[in-house]
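Residue strings, one per chain:
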Amino acid sequence: MFQPDSIDELKSWWSTRVDQQLPIRWRHRWRSADTTERAVRDLSITRLNRVIDYPHRDMTVTVQTGMTVADLDQILKEHHQVLPIDVPEPDRMTIAEMICGNWFGSRCAGHGTLRDWLLGVTAIDGRGRIFHSGGRVVKNVAGYDVQKFLIGSRGELAIPLEASFKVIPIPEAYLNCVYQTDDFSLLQEVWQTIRNLPFDCNIFDMTSSGRLEISISGLPQSNEALRDQIHTTLSSIAGMSEIQTTDNSEEIDSWKSLLESIIHPQDRHFVIRVGVRPSQTVEVLQLAADCGLKAIGHASRGAIVVSGTLNVVTSVQSKLLKRLAELNADVECLEASKSLYDLIHTNFEQTKLALLSEKICNVFDPQRLLKSNTVMVEG
């Protein structure tokens, strides 16, 4: 496996691969605890992990993308700042993989997704060309927003080598509220009720087990007032049980704790992300529960992460995928067997978008050398 120490060294190696039309595999599976990992990588960019520029007073940072998300978090914490994007394994996932996987988690309710934070990239495409898009400042309107193509591209267009992000100060305090119900109709009522409150939640998650988690960030005194409003609002809904309400100086790691509840390292899992209208979040969660699957729903965005063991895919995929198609849902494989990936690709890839995707691929990677970077598991 090739591990370059510089972009120039990478470009030289890359040119050889292009000339010989050899595939370039660089993404790894994101669950390190799974001992069945079989992905073969030709390239690792983990040595490209320097800080390029960090003018913390401007609240922007530029780093090489071989850096892990956890390392970036530590650098930002030194100036009491944060990039509010959640990934499943921050100590293992690189910035490049976060971009190409379009990862986001619980904090998307209050902070949006990676598209809201990525300012610019330097990347190498399938032709071996180094290109730049965007910039290092927030107000940047020069040229096309090409970096947006790389978000969620699965690493099949180009590899980001440097990335610039805007960041924010770490909030002073968090208010975390957790409720539970066995009735999905109540969850739907709660969804509408929370959406009508005169403030935005930092976290607004629901699960297929009937769990509701809300987090507010801000000043301690304002959080105190919001605590009473949330409690009064949800207490009026019979059947909603309060599990805990806590004030923390740090945000609870909702994404990690909820993700661990649906992922068990001893099993071979598939993980898909479903996109629907926010009002349909509860319906998809109930569908997942009825199929014996586990799911986390980011209820403000209609983004639901669904997981299950591979050996139950055959028995549930017909019901699950048929209903998702009826809802006109977007379905993306975060980790899947080839058979499930092909099934989802066939049933949910829109023809018009497929033609556009083909044209984009022809620009970035006409030989399809990066096509092998979809994350698969055996089965």
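Data block above holds the structure.
The rules behind each value
Residues numbered from 1 in each chain as written. Predicted model: local features only at pLDDT ≥ 70, side-chain atom pairs only at ≥ 80, totals over all residues. Heavy atoms only, no water. Helix = DSSP H or I, 4+ residues; strand = E, 2+ residues; numbered from the N terminus. Buried < 20%, exposed > 50% of the residue type's maximum accessible area, 1.4 Å probe, protein only. Contact = heavy atoms within 4.5 Å. Areas by Shrake-Rupley, 256 points an atom, 1.4 Å probe, with all protein chains shown as cover. Axes fitted to C-alpha atoms, helices over the stretch in contact; angles between N-to-C directions. Parallel < 35°, antiparallel > 145°, perpendicular 65-115°, else oblique. Left-handed = near helix turned anticlockwise from the far one by under 90°. Nonpolar A, V, L, I, M, F, W, Y, C, P; charged D, E, K, R; others polar. Core = buried A, V, L, I, M, F, W, Y, C linked by side-chain atoms within 4.5 Å. Expected span 1.5 Å × (residues − 1). Arc of directions from axis to C-beta. Phe/Tyr/Trp six-rings, centres within 6.5 Å; stacked < 30°, edge-to-face > 60°. Pairing = 2+ DSSP bridges.

Hey, could you go over the overall build of the protein for me, with residue numbers and the actual values?
Regarding its fold elements, the protein presents twelve helices and 15 strands. For the protein, with 379 residues in total, the buried portion stands at 53%. The contacts in the protein between residues at least 6 apart in sequence include a share of 73% that link residues at least 24 apart. On the protein, roughly 17,200 Å² of surface is accessible, and the fraction owed to carbon and sulfur atoms is 48%.

An account of the packing of helix H6 (residues 184-195) against helix H9 (residues 281-290) is needed here, citing residue identities and associated values.
Any two packed helices are characterised by how steeply their axes cross, that is the angle between the axes, and by the distance between the axes. Close contact between H6 and H9 brings their axes to 9 Å; oriented N to C, the two are set at 155°. One way to sum up the angle between H6 and H9 is to call them roughly antiparallel. The interaxial crossing formed by H6 with H9 has right-handed handedness. The segment H6 lies against H9, with Phe184, Leu187 and Gln188 engaging Val282, Leu285, Gln286 and Ala289. Its residues assigned to classes, the contact of H6 with H9 comprises five nonpolar, two polar and no charged.

Residues and numbers for the nonpolar core, please.
Formed by 49 residues in total, the largest nonpolar core has its most connected members in Met206, Ile214 and Leu324. For this core, the element with the highest residue contribution is H6, accounting for six residues. Among residues more than four places away in sequence, those in contact with Met206 are Leu187, Val190, Trp191, Arg211, Leu212, Val282, Leu285, Ala295, Ile296, Gly297 and Ala299. The next biggest cluster of nonpolar side chains, apart from the first, holds 37 residues, and it includes Leu76, Val82, Leu118 and Val305.

Mind laying out helix H2 (residues 69-77), listing which residues take part and the relevant values?
Inspection of H2 places Val69, Ala70, Leu72, Ile75 and Leu76 among the buried residues, and these make up the whole buried set. Tucked inside the fold, the buried residues of H2 contact strand S1 (51-53), strand S2 (60-64), strand S3 (81-82) and helix H3 (95-101).

Please give an account of H6 that cites residues and values.
Between the first and last C-alpha of H6 there are 17 Å, a value that for twelve residues agrees with the 16 Å anticipated at 1.5 Å per step. For H6, the set of buried residues is Phe184, Leu186, Leu187, Val190, Trp191 and Ile194. Along H6, the residues classed as buried sweep out an arc of 150° about the axis, all on the same side. The inward-facing, buried residues of H6 contact strand S9 (203-207), strand S10 (211-218), helix H7 (220-235) and H9.

How would you explain the packing of aromatic side chains if you had to name every residue and give the values?
In the structure shown here, the tally under the stated rule is four aromatic pairs. Relative to Phe364, the ring of Phe149 lies with its centre 6.2 Å away and its plane at 70°, an arrangement referred to as edge-to-face. Here Phe149 is found in helix H5 (residues 147-150), whereas its partner Phe364 is found in helix H12 (residues 351-364), with 215 residues between them in sequence. Assessed through its relative accessible area of 9%, Phe364 is described here as buried. Each member of the aromatic cluster is reached from another via a ring pair, and the members are Phe2, Trp13 and Trp14.

Provide a residue-level description of the pairing of strand S12 (residues 269-275), including the pertinent values.
A large share of S12 lies buried, amounting to six of its seven residues. Across seven bridges, the pairing between S12 and strand S14 (residues 303-309) is antiparallel. Paired with Phe270 across the strands is Gly308, a residue of S14. With five bridges joining them, S12 and strand S15 (residues 330-335) adopt antiparallel strand pairing. Note that in S15 the partner of Val274 across the bridge is Val331.

How would you summarise the sheet that holds S1 if you had to cite specific residues and measurements?
Strand order in the open sheet formed by five strands is S1-S2-S6-S4-S5, with antiparallel pairing between adjacent strands. Only two strands of the sheet have a single partner each, and these edge strands are S1 and strand S5 (130-134). Across this sheet, the average inter-strand angle for adjacent strands is 25°, counted without regard to direction. Sheet analysis places S2 next to strand S6 (residues 158-166), joined by five bridges and oriented antiparallel. Along S6, the bridge assignment pairs Gln64 with Glu162.

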